[in-house]
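Single-letter residue listing:
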Amino acid sequence: MEPKAQIVVFKGIEGWCDRLQVLAHCIQYCLSTQATLCVDWSDHVWRGSENFDFYDCFSLEGVKTMTKDELCLYVDKEREVPLTITPDVWTLDTLLDTPIEMLNNQDIGGPLMKPREHNDACEIIKEDIVVTNGTGWRVFYSGFITEHIRVTPKLRHAIIPILKGFNPSLLTVHLRGTDRPDTQGTFDQVLEGLKKSPQYAKAVINVVTDTKELWERFKAEFPGAKLVNPNTHLLRLPSSKHGIHQFEDAFIDGLGITKWDMLVDLMADWYALCYAKLAIGRTESTFFAMARRVHEMGPENITKMLGWKPFYC
């Protein structure tokens, strides 16, 4: 009997850019070991109870992949032949129907996600199925993101109308709110810094934010500021110490918002930050930091990933 090909299962629970880091980490491992990658983002944070998953939003180029449905078929077919899984807290049943507590467990990131002092992220793991819930230390290269991740037509065509008028040559400011209150006064520092630059007093400034209060404060100080996405659903949501992506379906349904609406708005904002030639934001925000790392890959590589670029780019 031929040895089985190894499968890496990446289950998510965090926000977009934490997932993006882990995804790049998984891609590195799979490319170096010829393993097949199954991205299982069927959790309530990514898609809630709605009928879309990772593969409705992205495809992976140059990487062997399988969907969760394909994983289910594979596991059912192989049940009589023992499959080894690591970490050993996972079983074939929890692999297919994951309890929420296993996604939140910081201690079961598995051997793929090593402690920070290790950097040999591509050491070969022997088990048939390697699982990570996205927790743990990631070793990733930003080039893997633009080289291997592709936005699907479904998501791209939802983003394009939002970014059609976006001019990346203008200053773009990211105002981080939600689950990380601005206790360090960074928002006020941004305001003071811009006030010392007369060219910005009445200039058009692109703004990306998920918090209505921060937007209103910024707009009062800089009347020329405009939202990259003036119709964003995100500003209709209240702030949350857990992050707005953690809101339950019933709550956002009551506001007439869907998880897909939130995802499209978030991705449009993020790609605006990727393309922006000059951007200001909080470096401890993974959303901002990852966008700027991708920006360093160059506009042609961002376009390769998104499949479209702004007119002014």
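Counting starts from 1 at the beginning of each chain's written sequence and moves along it residue by residue. Where totals are concerned, whole chains, interfaces and linings use all residues; where local detail is concerned, this predicted model gives features only for residues with pLDDT of at least 70, and gives and counts side-chain atom pairs only at 80 or more. In computing side-chain properties, one takes all heavy atoms of the structure into account and sets aside hydrogens as well as water.

Colleague: So what's going on with the overall build of the chain? Which residues, and what values?
Modeller: Helix and strand assignments come from DSSP, with helices taken as H or I runs of at least 4 residues and strands as E runs of at least 2, each series counted from the N terminus. Across its full length, the chain carries 13 helices and 10 strands. Relative to the 2.2 N^0.38 estimate, which gives 20 Å for 313 residues, the radius of gyration of the chain is 21 Å and therefore close to what a compact globule would have. Expressed along its principal axes, the backbone C-alpha trace of the chain runs to roughly 70 × 40 × 40 Å. The 313 residues of the chain split such that 56% are buried. Long-range pairs, those at least 24 residues apart, make up 72% of the contacts in the chain with a sequence separation of at least 6. Per-residue and other accessible areas were derived by the Shrake-Rupley procedure at a 1.4 Å probe size, with only the shown protein chains allowed to occlude residues. Only carbon and sulfur atoms are counted for the fraction: they give 52% of the accessible area of the chain, which is about 14,600 Å². When the 34 basic and 42 acidic side-chain charges of the chain are each reduced to a single mean position, those positions are 8 Å apart. This radius of gyration counts C-alpha atoms alone. The globule rule is 2.2 Å times how many residues there are, raised to the power 0.38. Relative accessibility decides the category of a residue: with a 1.4 Å probe and only protein chains considered, values under 20% of the type maximum give buried, values over 50% give exposed, and everything between is partly exposed. We call two residues in contact whenever any of their non-hydrogen atoms come within 4.5 Å of each other. Counting rule applied: Lys, Arg positive; Asp, Glu negative; His and chain ends not counted. In this description, the location of a charge corresponds to atom NZ of lysine, CZ of arginine, CG of aspartate or CD of glutamate.

Colleague: Summarise the nonpolar core; cite the residues concerned and give the values.
Modeller: Here, nonpolar core refers to any group of buried Ala, Val, Leu, Ile, Met, Phe, Trp, Tyr and Cys residues whose side-chain atoms link them within 4.5 Å. Core analysis: the biggest nonpolar cluster contains 62 residues, and Trp16, Leu37, Phe58, Leu163, Trp270 and Tyr271 have the highest contact counts within it. Looking at this core element by element, the count peaks at 11 residues for helix H11 (residues 259-275). Every residue in contact with phenylalanine 58, bar those within four places of it in the chain, is listed here: Trp16, Trp46, Ile149, Arg150, Val151, Thr152, Leu155 and Met267.

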